[in-house]
Amino acid sequence: MRAHERQQGNEGISLPELLIASFILILVVLNSIRMTTSALSGMGRSKRRSLVDDAIAEHIETLRKQSFDFLCTQGCSNDELTQALKYDLTILKPLCADKNLGEAFLSSLPPTDKPESFNVSSIPPVTVEVTYTAEQNRLHVSYAAATNPDMVVSTTLVPHAQGWCP
């Protein structure tokens, strides 16, 4: 009887058990591969959006600097920090009266600082479309990028000179 009991204990895994275990293992491996692929894809999209966001932020900072310097005649640059701020009032007063500071500011920007679009080096490359809208003493700037999902950033700039409007 003991020999018979030993023989049953040494039989090992049956073919149906082996097939089921193999099927479960394949499912686990496939799901792991799918999750890893999804995570890598998400990291790529996140990096691309981060690069686009950085490029937009850099452009906004350039425009902010330009809006501070617009019509400034003294105290605007780093080597004039101890001097009082002064603005060209002969140009500023009519712009303030007409509430046209936003359009004048937009017109004063060099072409390199007001592109209609710019490209962000990423894989794949992303084009950012830029829209400028002058409204009274403000300049609205909108950025649209075809990322996944699409990215839209808007900002409003008010030239610092507006504080000197009579």
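Cut-offs used in this document
- Residues numbered from 1 in each chain as written.
- Predicted model: local features only at pLDDT ≥ 70, side-chain atom pairs only at ≥ 80, totals over all residues.
- Heavy atoms only, no water.
- Helix = DSSP H or I, 4+ residues; strand = E, 2+ residues; numbered from the N terminus.
- Buried < 20%, exposed > 50% of the residue type's maximum accessible area, 1.4 Å probe, protein only.
- Contact = heavy atoms within 4.5 Å.
- Areas by Shrake-Rupley, 256 points an atom, 1.4 Å probe, with all protein chains shown as cover.
- Lys, Arg positive; Asp, Glu negative; His and termini not counted.
- Charge placed at Lys NZ, Arg CZ, Asp CG, Glu CD.
- Salt bridge = Lys/Arg side-chain N within 4 Å of Asp/Glu carboxyl O.
- Pairing = 2+ DSSP bridges.
- Axes fitted to C-alpha atoms, helices over the stretch in contact; angles between N-to-C directions.
- Polar contact = N/O pair within 3.5 Å; in protein donor to acceptor, adjacent residues only side chain to side chain.

**Focus: the overall build of the chain**
For the chain, the helix and strand inventory stands at 4 helices and 6 strands. Across the chain, helices and strands are ordered from the amino to the carboxyl terminus as α-α-β-β-α-α-β-β-β-β. Within the chain, the proportion of its 166 residues that are buried is 26%. Within the chain, contacts between residues separated by at least 24 positions form 51% of all contacts whose residues are at least 6 apart in sequence. Surface accessibility of the chain: about 11,400 Å² in total, with carbon and sulfur atoms responsible for 57%. Distance between charge centres in the chain, computed from 14 positive and 18 negative side chains, equals 6 Å.

**Looking at the pattern of salt bridges**
Summed over all chains, the structure comprises 3 salt bridges. Between Glu 61 and Arg 64 there is a salt bridge; the shortest N-O distance is 2.9 Å. One end of the pair, Glu 61, and the other, Arg 64, are both in helix 2 (residues 15–69), 3 residues apart, so they sit about a helical turn from each other. Its relative accessible area of 44% is what places Glu 61 among the partly exposed residues.

**Side note on the sheet that holds strand 4 (residues 126–135)**
Spatial strand order, 3-4-5-6: 4 strands in an open sheet with antiparallel pairing. Whereas interior strands pair on both sides, the edge strands pair on one side only; in this sheet they are strand 3 (117–120) and strand 6 (151–157). Neighbouring strand axes in the sheet, compared pairwise and without regard to direction, differ in orientation by 20° on average. The strands touched by helix 2 within the sheet are strand 3, strand 4, strand 5 (138–145) and strand 6, with strand 6 carrying the most contacts at an inclination of about 15°.

**Quick word on the side chain of Ser 122**
Looking at the element boundaries, Ser 122 is found in the loop between strand 3 and strand 4. Within the local environment of Ser 122, its side chain forms a polar contact with the backbone oxygen of Pro 124, the two atoms lying 2.7 Å apart.

**Details of unusual backbone geometry**
Cis geometry marks the peptide bond from Ile 123 to Pro 124; its omega dihedral reads -10°. Looking at where Pro 124 falls in the secondary structure, it is placed in the loop between strand 3 and strand 4. If you check the backbone angles, Lys 99 has positive phi at about 50° while not being a glycine. Mapping Lys 99 onto the fold places it in the loop between helix 3 (89–98) and helix 4 (101–108).

What is shown is where atoms sit, not what they do.
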